[in-house]
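# Tertiary structure, described
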Amino acid sequence: MTDTKTSETAPKKGKWTRRAFIGAGVVAGGALVIGVAVRPDNPVERLSPMVARGKGEQLINAWVKVDADNIVTAIIPHVEMGQGVFTSLAQMLADELDADWSKVRILEAPADAKYVSHDIGREFLAPNLEVPAILEPTVGGTFLQLATAMNLQITGGSFSVRGTGQRAMRVAGAAAKEMLIAAAAEEWNVPAGELRAENSMILHDKSSKSAPFADFAAAAAEQGLPNKPKLKSPKDYKLMGKAMARHDIPEKSNGTALFGIDADLPGMKYAAVKAAPVVGATVESMNVDTAKSMPGVLQILNMGDFIAVVADGYWQAQQALGTIDAKYSKTEGDTLNQDALFARYASVLDEAGDEGGDVETEQGDVTEAFANAATKVEAEYKVPFLAHATMEPMNCTAWVRDGKCDVWSGHQAPLMARKAAADTLGIDTDDVTYHNAYLGGGFGRRSENDAIIMATRIAKATQYPVKMIWSREEDTMQDHYRPSATSRFQAGLDKDGNAVSWSNIHTHLFDPQEAPTVPYYNIANHKIRKIDVPTHLRFGPWRSVDHSQHGYFIESFVDELAHAAGKDGYAYRRELLAGSKRHLAVLDKAAEMSGWDKPLPEGHGRGIAFVPSFGTIVAEVAEVDMTGAKPKVKKIYVAADPGFAVNPDGFAAQMESSIAYGLTATLYGEISVKNGAVQQSNFHDYPILRINEMPEVEVGIINGDHKRLGGAGEPGLPPLAPAVTNAIFAATGKRVRELPLSKVDFA
Amino acid sequence: MTVLFRAFAPILVVTLAACGSDPAPGPTEQIVVRESGTEAPDSDATSPAAETNDSLIAAGKAAFNTCIACHVVEKGGANRVGPNLYGIVGQAAASVEGFNYSDALTSSGITWTKEELDSYIANPAARVPGTTMMAGAITDTGRREAIIAYIEDASAN
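Residues numbered from 1 in each chain as written. Chains lettered and ligands numbered in written order. Predicted model: local features only at pLDDT ≥ 70, side-chain atom pairs only at ≥ 80, totals over all residues. Heavy atoms only, no water.

Regarding its fold elements, chain B presents six helices and one strand. Secondary structure elements of chain B, listed N to C terminal, follow the sequence α-β-α-α-α-α-α. Going through the 157 residues of chain B one by one, you find that 34% of them count as buried. Of the contacts made within chain B by residues no fewer than 6 positions apart, 35% connect residues no fewer than 24 positions apart. (Helix = DSSP H or I, 4+ residues; strand = E, 2+ residues; numbered from the N terminus. Buried < 20%, exposed > 50% of the residue type's maximum accessible area, 1.4 Å probe, protein only. Contact = heavy atoms within 4.5 Å.)

Per the secondary structure count, chain A includes 20 helices and 27 strands. The buried share of chain A, taken over its 747 residues, is 64%. Contacts in chain A between residues at least 24 apart in sequence constitute 77% of all its contacts with a sequence separation of at least 6.

Residue and element names in this part refer to chain A. When you tally the buried positions in strand 11 (residues 306–311), you get six out of six residues, the bulk of the element. Of the two faces of strand 11, the one carrying F306, A308 and V310 and the one carrying I307, V309 and A311 are both buried. Bridge analysis of strand 10 (residues 297–302) against strand 11 gives five bridges, and the strand direction is antiparallel. Across the sheet, the residue bridging to I300 is V309, located in strand 11. Once strand 10 ends, the chain turns through three residues before running back antiparallel as strand 11, passing G304 with a positive phi of about 90 degrees. (Pairing = 2+ DSSP bridges.)

Residue and element names in this part refer to chain A. Counted under the stated rule, the structure contains eight cavities of 30 Å³ or more. A volume near 120 Å³ is recorded for the second largest cavity. Residue lining of the second largest cavity: 14 residues in total, with R482, S548, A665, A721 and L739 positioned closest to the centre. A total of three residues in the lining of the second largest cavity trace back to one element, the largest contributor, which is helix 19 (residues 648–667). (1 Å grid on protein atoms, 1.4 Å probe; cavity = no way out; pocket = protein on both sides within 12 Å on 5 of 7 lines; lining within 4 Å. Points joined across faces, edges and corners; volume = space filled by probe spheres on them.)

This part is about the packing of helix 2 (residues 55–63) of chain B against helix 6 (residues 141–155) of chain B. Residues and elements named next belong to chain B. For the pair helix 2 and helix 6, the least separation of the axes is 7 Å and the interaxial angle reads 100 degrees. The orientation of helix 2 with respect to helix 6, classified from their angle, is roughly perpendicular. On helix 6, the residues that touch L56, I57, A59, G60, K61 and A63 of helix 2 are R143, E145, A146, I147, A149, Y150 and D153. (Axes fitted to C-alpha atoms, helices over the stretch in contact; angles between N-to-C directions. Parallel < 35°, antiparallel > 145°, perpendicular 65-115°, else oblique.)

The grouping of F683 and I688 of chain A together with V81 of chain B at the surface amounts to a nonpolar patch, some 200 Å² of accessible area in total. You can see F683 of chain A is positioned in the loop between strand 26 (677–678) and strand 27 (696–701). According to the relative accessible area criterion, F683 of chain A is partly exposed, its value standing at 32%. (Patch = residues over 30% accessible without salt bridge, like charges linked within 9 Å, V, L, I, M, F, W, Y side chains within 5 Å. Areas by Shrake-Rupley, 256 points an atom, 1.4 Å probe, with all protein chains shown as cover. Salt bridge = Lys/Arg side-chain N within 4 Å of Asp/Glu carboxyl O.)

Think of an α-helix as 3.6 residues a turn; residues three or four steps apart then line up on the same face. Among the eight residues in helix 2 (residues 44–51) of chain A, six count as buried, and that is most of the element. Within the span of helix 2 of chain A, buried status applies to V44, L47, S48, P49, M50 and V51 of chain A.

Residues and elements named next belong to chain A. As summarised here, the arrangement of the three strands in space is 5-6-7, forming an open sheet in which the pairing is antiparallel. Edge positions in the sheet fall to strand 5 (195–198) and strand 7 (209–212), since each of these pairs with one other strand and no more. Direction aside, neighbouring strands of the sheet carry axes that sit 25 degrees apart on average. One ladder, built from four bridges, connects strand 6 (residues 201–204) with strand 7; its direction is antiparallel. Directly across from M201, in strand 7, lies its bridge partner P212.

Residue and element names in this part refer to chain A. Counted according to the given criterion, the structure contains 23 aromatic pairs over all chains. Taken together, a centroid distance of 5.4 Å and an interplanar angle of 70 degrees make the contact between F489 and W502 edge-to-face. Of the two residues, F489 sits in strand 19 (residues 485–493) while W502 sits in strand 20 (residues 499–507), which places them 13 residues apart along the sequence. Comparing F489 with W502 shows no difference in burial state: the two are buried. Clustering of aromatic rings is evident, with ring pairs tying together Y381, F489, W502, Y552, F553 and F557. One cation-aromatic arrangement involves K376 over F370; the distance from NZ or CZ to the ring centre is 5.5 Å. Note that R401 overlies the ring of W399, its terminal NZ or CZ placed 4.0 Å from the centroid. (Phe/Tyr/Trp six-rings, centres within 6.5 Å; stacked < 30°, edge-to-face > 60°. Lys NZ or Arg CZ within 6 Å of the ring centre and 35° of its normal.)

So, on to the sheet that holds strand 16 (residues 404–409) of chain A. One open sheet holds the eight strands; their spatial order is 17(A)-16(A)-15(A)-18(A)-8(A)-11(A)-10(A)-1(B), and the pairing between them is mixed. Edge positions in the open sheet fall to strand 17 (432–436) of chain A together with strand 1 (29–32) of chain B, since each of these has one partner strand only. In this sheet, adjacent strand axes meet at a mean angle of 20 degrees when their direction is disregarded. Taken together, the six bridges between strand 8 (residues 269–275) of chain A and strand 11 of chain A define a ladder with antiparallel strand orientation. Counted as the bridge partner of A271 of chain A is V310 of chain A from strand 11 of chain A. Sitting on the sheet, helix 10 (residues 314–322) of chain A touches strand 8, strand 10, strand 11 and strand 18 (466–469) of chain A, and the angle it makes with strand 8 of chain A is about 30 degrees.

All names here are of chain A. Core analysis: the biggest nonpolar cluster contains 69 residues, and W502, Y521, F557, L561, I636 and V724 have the highest contact counts within it. Here I636 is in contact with E620, V621, A622, I659, P695, E696, V697, E698, L720 and V724, once residues within four sequence places are set aside. Among the nonpolar cores identified, the runner-up in size contains 61 residues, and M50, A109, V161 and I202 belong to it. (Core = buried A, V, L, I, M, F, W, Y, C linked by side-chain atoms within 4.5 Å.)

Moving on, we get to the domain arrangement of chain A. For an interface, size is often stated in terms of accessible area lost upon the parts coming together. Residue and element names in this part refer to chain A. If you check the domain split of chain A, you get domain 1 (18–236) and domain 2 (485–743). Contact residues are listed per partner, giving 13 residues for domain 1 and 15 residues for domain 2. Here domain 1 meets domain 2 over a buried area of about 1,100 Å², counting both sides, of which 58% is carbon and sulfur. Applying the counting criterion to the domain 1 and domain 2 interface returns zero salt bridges. Here domain 1 and domain 2 share four residue pairs in polar contact (both at pLDDT 80 or more) between them. Broken down by secondary-structure element, the contributors of at least two residues to the side of domain 1 that touches domain 2 are helix 3 (85–97) and helix 6 (160–188). The class makeup of the residues in the side of domain 1 that touches domain 2 is four nonpolar, eight polar and one charged. (Domains from an automatic or database assignment. Buried area = accessible area lost by both parts, 1.4 Å probe. Polar contact = N/O pair within 3.5 Å; in protein donor to acceptor, adjacent residues only side chain to side chain. Nonpolar A, V, L, I, M, F, W, Y, C, P; charged D, E, K, R; others polar.)

Residue and element names in this part refer to chain A. Here E693 lies in the loop between strand 26 and strand 27. Summary of buried charges: E693 has no salt-bridge partner, and the nearest side chain of opposite charge, K630, is 5.3 Å away. Looking at E693, its side chain comes within polar contact range of the main-chain nitrogen of R690, at 2.7 Å. (Lys, Arg positive; Asp, Glu negative; His and termini not counted.)

Turning to the pattern of salt bridges, a few remarks are in order. Residues and elements named next belong to chain A. The final tally for this structure, using the stated rule, is 44 salt bridges over all chains. Among the ionic pairs, K232 bridges to D98, the shortest N-O distance being 2.9 Å. Of the two residues, K232 sits in the loop between helix 7 (217–222) and helix 8 (249–253) while D98 sits in the loop between helix 3 and strand 4 (104–108), which places them 134 residues apart along the sequence. Grouping residues by exposure puts K232 and D98 together as buried. Two residues, D559 and R573, come together in a salt bridge whose shortest N-O distance is 3.1 Å. Separated by 14 residues along the polypeptide, D559 in helix 16 (residues 547–564) and R573 in helix 17 (residues 569–576) bring together distant segments of the chain.

A separate point is the packing of helix 3 of chain A against helix 6 of chain A. Residue and element names in this part refer to chain A. With their axes 7 Å apart at the nearest point, helix 3 and helix 6 run at an angle of 35 degrees to one another. Helix 3 and helix 6 meet at a crossing whose hand is right-handed. Here helix 3 contributes V85, S88, L89, M92, L93, E96 and L97 to the contact with helix 6, which in turn contributes S160, V161, G165, Q166, M169, R170, A172, G173, A174, A176, K177 and L180. Of the residues assigned to the contact of helix 3 with helix 6, the class counts are 11 nonpolar, five polar and three charged. (Left-handed = near helix turned anticlockwise from the far one by under 90°.)

We now examine the side chain of K232 of chain A. Judged by relative accessible area, which is 12%, K232 of chain A ranks as buried. Each residue touching K232 of chain A, except ones within four places of it in the same chain, is listed here: D95, E96, D98, R170, K177, Y237 and K238 of chain A.

Written as structure tokens, this is what we have:
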């Protein structure tokens, strides 16, 4: 057996060709692959040609393979966009398998329906389904089919670890271990109960026999899939709960990591694109006199909704595109301006009055409670559209020939990308091979198919491989934006300052449905309504989705209630959360970490905010210095309960990056519309937080319930903005009711 | 993890709407300038740089390629990641309208004489600590001179 050291741990990106898929089913050396037990059968034979073609590799089930050198490979049905999910999911699988972490490798699952993240589908299709035991391995078969049909192989919703990790990766690891042990028991002719696994070895203590997993891999694959593989309890965890080093860090540090934009093919050409500035308009005419004679230019395409220039090099394509003067069709959106849009929101909300709109949740009688309240508080808040501004601009490479298509990109839902390409061409999905790479940031932007569709259309017209890259200007001006929104609140307090009624009406509701609700606060009467106000702009999920608006709305208003009641923001929330132990523990921890009661220098303020989202409870305290011309956010204390942090370092990193992303939006983030077109275009007018503006961040983790995990990628974001604006109020007495802060005059 | 989102509903709509739909439209206009694989014409022959007699300005224009990721020199041109440099020679620092300058540059009190520009682009962070101009340190004296000459010339147009 070759001794394999911890180097070469970089995950291999799958390159899944159609030929490999339909290739002969014989696998050299055989490989042990384990199909997670939620599947009715072990799909090893079907999957091996796709994922276990290496010499001596044996697939045990769909998610585990072992090779002749005893390297265990975890096959991960999610994409890596910097969130570290490859490592966390591999930890969960390897821990249950008792694999030697230094000999664990990672492979991204191919864009194939058999690897769909069906748990995500289940949550969408039947969110209230009772799962008797959270790790019940046989649940999900029905939903797998539905999820397959819906083309879900999505990385999003802060779902990978809490969903796929809990219900698939751990089960797969435990099942693989049981199958290896069963195979060893047969081989050695001893009861399986006398065998155990440790560091990728099977051990028989009685006879002091031991042998590597690899020796039993082929026989293990022949074993039936265990119905209910036994999972570890936290006291037996060896990898889960530990800050294992990220597998993708070495290659991202030395520059060898490949992102979608790195796709490189022989004979590949480059396309620069410019879409009609007003979404929905088409290109009526274009003057290409200059562009035609520019160096490197191969083709100029009027695609209707956008113009593409294809050239030998990207720079040449972009330069030529810049000389093209185009005229666009008129659309209804042409007259829309940002002020008018907010005015439209206001008039729609006015018209709705006390009864209009769609009721999202209602309890008790807010009208009566409000009428009888000792103190009445009302407020209106506004937030703008936001772009995603991923570091890697949108891009996609496609090659269409002989009725087939290959697509290379980084997408949060590879199966959806494949289907989008197939539908664009009017061909079968089996005739599209989708190659996914690392994503240079996703945040929801890379769950949209627009770039895939555009590149496929260009490639169809050219018939040679073309890499389409959006300029930063296109990226900023043609995003699927976080919606701008207005939210109005009314609350009544009794004579002691306790909230007795909570009414809210807001524009838009996208997802998650619970984002505007506050079931964790003890308020007897509440009523929450929404009204959709459609515009021609495209909306899309943006990190934490609707919690990004409603976290700010709700926690600002709670702070206003505390002030009206003459109480401290922390103490007031403690009363609202009375009886909810886990919630209180998180709130208390944030306050304690921040030294809530300790005085701050003159002109400094502390603010607190509390938002449970995506299954994780988070409280944040911000310290803000208001002595300068602009707010300076000095420090953020984060307390979070994700149930159990599988990789505490990775979890903390997600809290920190949520703060960087959320603070960018709080300080600067604003996309506005003029004459129907987005006004911002690049980082000079859509700034991103600079390193000198990043506050110090301290993260405290509470493992409150190891059976019910929460997400990590998004829950750190929603409390950030209100913690900052509440701190500004504490320092200055000025209540910020509209973001971003760059619009507010603090003089 | 990550990001993102749980916006299944919109995705579902998109996915189902795509089922059975016709293929996306092809180009309404397709101008094939050249087939792939054929030689590109020699672009140097028509390079505007060849038409000017002032070799310093020409060298400056070429050297300015380092700068164009962030700057234009164009009357009424838009600010990009960095400000429009049209007419910058002789101007007070941080005075280009509509650009969000660092506090450091705003309070620097510099007037952009050629000498000041030279000293600044030799090492922006050293000349004005706290500047947000992260790129642009040009160590070669001759290139700095050429770039400034080019900016001045382009501003005269």
